[in-house]
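# Notes for the structure review
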Amino acid sequence: MSKISDIVSQAREAFNSGKTRPLQFRIQQLEALRRMITERQPDITAALASDLHKNEWTAYNEELAHVLEEIDTTIKKLPEWAEDAPVEKTHQTQQDESYIHSEPLGVVLVIGAWNYPFNLTIQPMVGAIAAGNAVVLKPSEVSENTANMLATLVPQYLDKELYPVIKGGVSETTEVLTQRFDHIMYTGSTAVGKIVMAAAAKHLTPVTLELGGKSPCYVDKDCDLDVACRRIAWGKFMNSGQTCVAPDYILCDPSTQNQIVEKLKKSLKDFYGEDAKQSRDYGRIINDRHFQRIIRLIEGQKVAHGGTWDAASRYIAPTILVDVDPQSQVMQEEIFGPVMPIVSVQSLEEAIKFINQREKPLALYVFSNNNKVIKKMIAETSSGGVTANDVIVHITVPTLPFGGVGNSGMGAYHGKKSFETFSHCRSCLIKGLLNERTLRNRYPPSPAKMSQY
Amino acid sequence: MERQVQRLRQAFRSGRSRPLRFRMQQLEALKRMVQEREKDILAAIAADLSKSELNAYSHEVITILGEIDFMLANLPELASAKPAKKNLLTMLDEAYVQPEPLGVVLIIGAWNYPFVLIMQPLVGAIAAGNAVIVKPSELSENTAKILAKLLPQYLDQDLYAVVNGGVAETTELLKQRFDHILYTGNTAVGKIVMEAAAKHLTPVTLELGGKSPCYIDRDCDLDIACRRITWGKYMNCGQTCIAPDYVLCEASLQDRIVQKMKETVKDFYGENIKDSPDYERIINLRHFKRLQSLLEGQKIAFGGETDEVTRYIAPTILTDVDPNSKVMQEEIFGPILPIVSVKNVDEAINFINDREKPLALYIFSHNNKLIKRVIDETSSGGVTGNDVIMHFTVNSLPFGGVGASGMGAYHGKYSFDTFSHQRPCLLKGLKGESINKLRYPPNSQSKLSWAKFFLLKQFNKGGLVMLMVACLAVVAAVIVKEYL
């Protein structure tokens, strides 16, 4: 097993060889990645099933479909994205060529997360490959089976030197972070995000950090509660709540609280049956540590639904808490589990104030028939992104960049934004060696200029 | 200092800087400041860098006026929501990216162009709706003082503040929490800034430096090339982050280059360079001594005179320079131009690639193909072909470094974007639930097939039928949305 520094050196040498510069090469690699997904879907699904109790359908819908779409879009658009982009000329540069030239950065590190372990490692990789970089993958060790699967499959389909997969835990990740990269993309927690950025600072490596936070979900009195609750239930309890853009908590008028609980319950029954534990589609908590963490959040709370669990299978029932005290633990950290607190607010203004008193979240959701309410909520808050009248789906639109702000992250990717993130946009001004007379004004001696003033 | 940042944050939270009207008023006030107090500003810059006021105007002030005018003219467009192209599933929805302010921005300036390197970022940060603290470099003392005096007289005092001081004050400032930090300066301090920013997860724009190479091809007009290089190199006494740091050329060109540059220096600065009002001085004794030491052991083709009292260093060219010597190990940032011989353009490219990515790269050649090749096979923040410096002045080109020369970029629209959060928004209606049914559990094989169709728009054998069905589905969704 090669040392980590050797692996990174090898990737850099392979990059320096110029192999990745032709678009043809990059497209071939992306096509190979695509084949990997379509040919080895059973292996990929099996790994996801072991890690997170996903099945063929959830694995496809939540992870593979989006990566395939990203690959297809990227292959189609790459020639356009990689072209030199002319810019507006000034009156001084009318005779000149002025354009932005996109070029690879070099060696990119992608650190994946465990909750969508396939998607969050491979989707960034697509953009990094397209931009012409070598890419070192470090999947999360917490989703062990997926990490093993990636370490086995990726070298079977992609160039081994340019796109190595490094496995391991905290010590391996720490060591990887001592190496020099040209960009680091990290998906995970705020705490580790700071560590990644500090390590990157030592080499002046730019970073893209996809972190988290508590994504609020404001449900207005004026809205179709049936539809709203169904959509919220879908987004919240998907992957057993372990989604960075899951609606973390609900803000609503106290008069709607009971209705919301009832309608959420109904949707949950439609989705997962009477006992979610029996449903093929309901996920499990990734490990014991998180399992214990989430259970503790339920302690002392008023449970309107669920609140049961099974430690052996790390199953936590879809749980709804009501009359939640904003000071309680469940409202202090990102839940990342199937527990939905409902916090009462008297008005839209109060909801906005509540949100603004807290760190900027990765996503913000607002449900209302009234477009003015939606626009006001957006105008007076900040967040990575927004979906109104639904949850999650803004991140599935390839033309919308996906990223956080403040504590929820920096930088963005998806689609063309990925290509830009993993490229250097180099400003180029090409003049001719003529027209020297027009430049005379800039040369000393300045008394010659005096006469013009 | 914490209180000051808090004050700005409160002012930002009040929402005062959100309306475009407010931001434009502040920019107009800034413009008035530059125009009304021009004399004071020019005098300060002139004092700091021993620069003539005329040059202070053309090097710094004129750029700021241009930038302010650009923002005033373009702010409504820059700040507007940009619609995003939609896919099949979101066809009936509103999808757009909304720029919004970040909050409180810190701008740390440099001493070599002390006015423009504070003001140009400031213009962008104000335009984007932020509160801003500027920290001018203490080395350019007079400009720091004049900024501290003038900015509060023209701008909203609760939203925009000037903090002056040295290392201790800057360190204290960097402990505070900001929503973006833009730093112009050197690589070493750039790392310190980024490390401090990491504690708060503050994004940074770092405008650093490096050794910007200047390759002169044998197939080029040497007269013109040398004149342009002389201008860009010795402007501000070489203290320009994108000055051509050193020349790479074939050995046979060396003597002619020296000769032509010597003549140009005479045209520019006269026989007695010390008397020319257009030739500046080194900022302080430390840098003066540093530059002096770079001359040691070198073959001086012309120049080399120094005078410690006035911190004068003559425009100097070194020939047959050893790539391992000190002058080739650090960014010169002074009026010394080493010429390093290379056999051909291949060797030049290798030479450049063996070193850190520079902030700028220059190539002089009649052969456009050669210029494109050098660009393709190297990397740098930016490039000017057949001239130096000028890519900095094109407002529609982002200005920034890569690798050790920096990260992020600004100028014009890129300033606005740098100091904004681009927030993606997807606004759906509460109708059209039928299409969503595909995504809800419990799963089924047919749901999986439909999902594959909608998400991948795969039109193959059954394509046409699928397409018709899809159209019907969309029509159905529209009907549901509009009429139910």
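Residues numbered from 1 in each chain as written. Chains lettered and ligands numbered in written order. Predicted model: local features only at pLDDT ≥ 70, side-chain atom pairs only at ≥ 80, totals over all residues. Heavy atoms only, no water.

- For chain B, an unreviewed UniProt entry supplies the name Aldehyde dehydrogenase and the organism Mesocricetus auratus.
- Word for word, the UniProt comment on chain B under Sequence similarities (unreviewed entry) is "Belongs to the aldehyde dehydrogenase family."
- Under the UniProt heading Subunit (unreviewed entry), the entry covering chain B gives this text: "Homodimer." (UniProt positions renumbered as here; feature names shortened; annotations may be inferred.)

- In the annotation of an unreviewed UniProt entry, chain A is listed under the name Aldehyde dehydrogenase and assigned to Mesocricetus auratus.
- Of the comments in the UniProt record for chain A, the one headed Subcellular location (unreviewed entry) reads "Cytoplasm".
- As recorded by UniProt, the Subunit (unreviewed entry) comment attached to chain A reads in full: "Homodimer."

### Quick word on the overall build of chain A
- Each helix and strand in chain A was counted, giving 15 helices and 17 strands.
- By its C-alpha atoms, chain A is 80 × 60 × 35 Å across when sized along the principal axes.
- Burial status across chain A gives 63% buried among its 453 residues.
- Sequence separation of at least 24 residues holds for 71% of the intrachain contacts in chain A that already meet a minimum separation of 6.
- Summing over all exposed atoms, chain A offers an accessible surface of approximately 16,600 Å²; the carbon and sulfur share of this is 50%.
- For chain A, the distance from the average position of its 49 positive side-chain charges to the average position of its 52 negative side-chain charges is 5 Å. (Helix = DSSP H or I, 4+ residues; strand = E, 2+ residues; numbered from the N terminus. Buried < 20%, exposed > 50% of the residue type's maximum accessible area, 1.4 Å probe, protein only. Contact = heavy atoms within 4.5 Å. Areas by Shrake-Rupley, 256 points an atom, 1.4 Å probe, with all protein chains shown as cover. Lys, Arg positive; Asp, Glu negative; His and termini not counted. Charge placed at Lys NZ, Arg CZ, Asp CG, Glu CD.)

### Considering the UniProt feature "active site" (unreviewed entry) in chain B
Residues and elements named next belong to chain B.
- Using the residue numbers shown here, the UniProt feature "active site" (unreviewed entry) corresponds to Glu-207.
- For Glu-207, the location among the structural elements is in strand β7 (residues 204-207).
- Excluding residues within four positions of it along the chain, Glu-207 makes contact with Tyr-183, Thr-184, Gly-185, Phe-399, Gly-400, Ser-405, Gly-408, Ala-409 and Tyr-410.

### Things to note about the UniProt feature "active site" (unreviewed entry) in chain A
All names here are of chain A.
- When the UniProt feature table is mapped to this numbering, "active site" (unreviewed entry) covers Glu-210 and Cys-244. Taking the farthest pair of C-alpha atoms as the criterion, the annotated set spanning 35 residues converges on one region, since that pair is 8.9 Å apart.
- If you trace the backbone, Glu-210 turns up in strand β6 (residues 207-210).
- Glu-210 gets classed as buried once you look at its relative accessible area, which sits at 3%.
- Those residues in contact with Glu-210 that sit more than four places away from it in its chain are Met-185, Tyr-186, Thr-187, Gly-188, Phe-402, Gly-403, Ser-408, Gly-411, Ala-412 and Tyr-413.
- Inspection of the secondary structure assignment puts Cys-244 in the loop between α9 (225-237) and β8 (249-252).

### Some details on the UniProt feature "domain: Aldehyde dehydrogenase" (unreviewed entry) in chain A
- Feature annotation in UniProt places "domain: Aldehyde dehydrogenase" (unreviewed entry) on residues 3-426 of chain A, given in this structure's numbering.
- Between the C-alpha atoms that bound residues 3-426 of chain A the distance is 34 Å, and the span itself is 42% helix and 17% strand.

### Considerations on the sheet that holds strand β6 (residues 180-184) of chain B
Residues and elements named next belong to chain B.
- Strand order in the open sheet made by the 6 strands is β5-β4-β3-β6-β7-β17, with mixed pairing throughout. Edge positions in the sheet fall to β5 (160-162) and β17 (406-407), since each of these pairs with one other strand and no more.
- With 5 bridges joining them, strand β3 (residues 104-108) and strand β4 (residues 131-135) adopt parallel strand pairing. In the sheet register, Leu-106 faces β4, and the bridge partner there is Ile-133.
- On the sheet, helix α5 (residues 116-127) packs against β3, β4, β5 and β6 and is oriented at approximately 165° with respect to β3. (Pairing = 2+ DSSP bridges. Axes fitted to C-alpha atoms, helices over the stretch in contact; angles between N-to-C directions.)

### Observations regarding unusual backbone geometry
- Looking along the chain, the bond that leaves A:Pro444 and enters A:Pro445 is cis, with omega of 0°.
- Topologically, A:Pro445 is positioned in the loop between β17 (423-430) and α15 (447-450).
- Residue B:Pro441 is joined to B:Pro442 through a cis peptide bond whose omega torsion reads -5°.
- Looking at where B:Pro442 falls in the secondary structure, it is placed in the loop between α15 (433-436) and α16 (445-456).
- Positive phi, close to 70°, is recorded for A:Ile392, a residue that is not glycine.
- Tracing the backbone shows A:Ile392 in the loop between β15 (385-388) and β16 (409-410).
- Not every positive phi belongs to a glycine, and B:Phe333 is a case in point at roughly 55°.

### With respect to the interface of chain B and chain A
- In this complex, chain B contributes 106 residues to the contact, which on the side of chain A involves 110 residues.
- Contact between chain B and chain A buries roughly 8,600 Å² in total, counting both sides, with carbon and sulfur atoms accounting for 57%.
- Summed over the shared surface of chain B and chain A, the number is 10 salt bridges.
- Here A:Glu97 makes a salt bridge to B:Lys372, at a shortest N to O gap of 2.9 Å.
- Between the two partners, chain B and chain A, sit 49 residue pairs in polar contact (both at pLDDT 80 or more).
- Taken together, the residues of the side of chain B that touches chain A break down into 46 nonpolar, 32 polar and 28 charged.
- By the bridge criterion, 4 bridges tie β17(A) to strand β16 (residues 382-385) of chain B in an arrangement that is parallel. Bridge assignment links A:Cys428 to a residue of β16(B), and that residue is B:Val383. (Buried area = accessible area lost by both parts, 1.4 Å probe. Salt bridge = Lys/Arg side-chain N within 4 Å of Asp/Glu carboxyl O. Polar contact = N/O pair within 3.5 Å; in protein donor to acceptor, adjacent residues only side chain to side chain. Nonpolar A, V, L, I, M, F, W, Y, C, P; charged D, E, K, R; others polar.)

### Structural notes on the environment of B:Cys471
- For B:Cys471, the position within the fold is in helix α17 (residues 463-483).
- Remark: the alpha-carbon pair of B:Cys471 and B:Lys369, spanning 102 residues in sequence, is separated by 49 Å.

### Some thoughts on the side chain of A:Asn119
All names here are of chain A.
- Mapped onto the elements, Asn-119 comes out in helix α5 (residues 119-130).
- Take Asn-119: its relative accessible area is 7%, and that puts it in the buried class.
- If sequence neighbours within four positions are ignored, Asn-119 has contacts with Glu-62, Glu-63, His-66, Val-67 and Pro-124.

### A few points about the pairing of strand β8 (residues 213-216) of chain B
All names here are of chain B.
- Residues Pro-213 and Tyr-215 line one face of β8 and the alternating positions Cys-214 and Ile-216 line the opposite face, and both faces are buried.
- Relative to strand β9 (residues 246-249), β8 runs parallel, the two being bridged by 4 bridges. Across the sheet, Tyr-215 pairs through a bridge with Leu-248, a residue of β9.
- As a crossover connection, the stretch from β8 through helix α9 (residues 222-234) into β9 is right-handed.
- One ladder, built from 3 bridges, connects β8 with strand β15 (residues 360-364); its direction is parallel. Among the inter-strand pairings, Ile-216 is bridged to a residue of β15, identified as Phe-364. (Right-handed = clockwise from strand over helix to strand, strands pointing away.)

### Some details on the pattern of salt bridges
- Within this structure, the stated rule accounts for 56 salt bridges over all chains.
- Residue A:Asp72 is joined to A:Arg34 by a salt bridge in which the shortest nitrogen-to-oxygen separation is 2.7 Å. Of this pair, A:Asp72 sits in helix α4 (residues 56-82) while A:Arg34 sits in helix α2 (residues 23-39), and the two are 38 residues apart along the sequence.
- If you follow the salt bridges from partner to partner, you end up with A:Arg12, A:Asp182 and B:Lys357 in one network.

### Re the pairing of β15(A)
- Here β15(A) shows a buried face lined by A:Gly385 and A:Thr387 and a second buried face lined by A:Val386 and A:Ala388.
- Pairing analysis gives 4 bridges linking strand β14 (residues 363-367) of chain A to β15(A), with the strands arranged parallel. In the sheet register, A:Val366 faces β15(A), and the bridge partner there is A:Ala388.
- After leaving β14(A), the chain enters helix α13 (residues 371-379) of chain A and then returns to the sheet as β15(A), a path that is right-handed.
- As defined by bridge partners, β15(A) adjoins strand β18 (residues 420-427) of chain B across 3 bridges and the pair is classed as parallel. Within β18(B), the position partnered with A:Thr387 by the bridge is B:Leu426.

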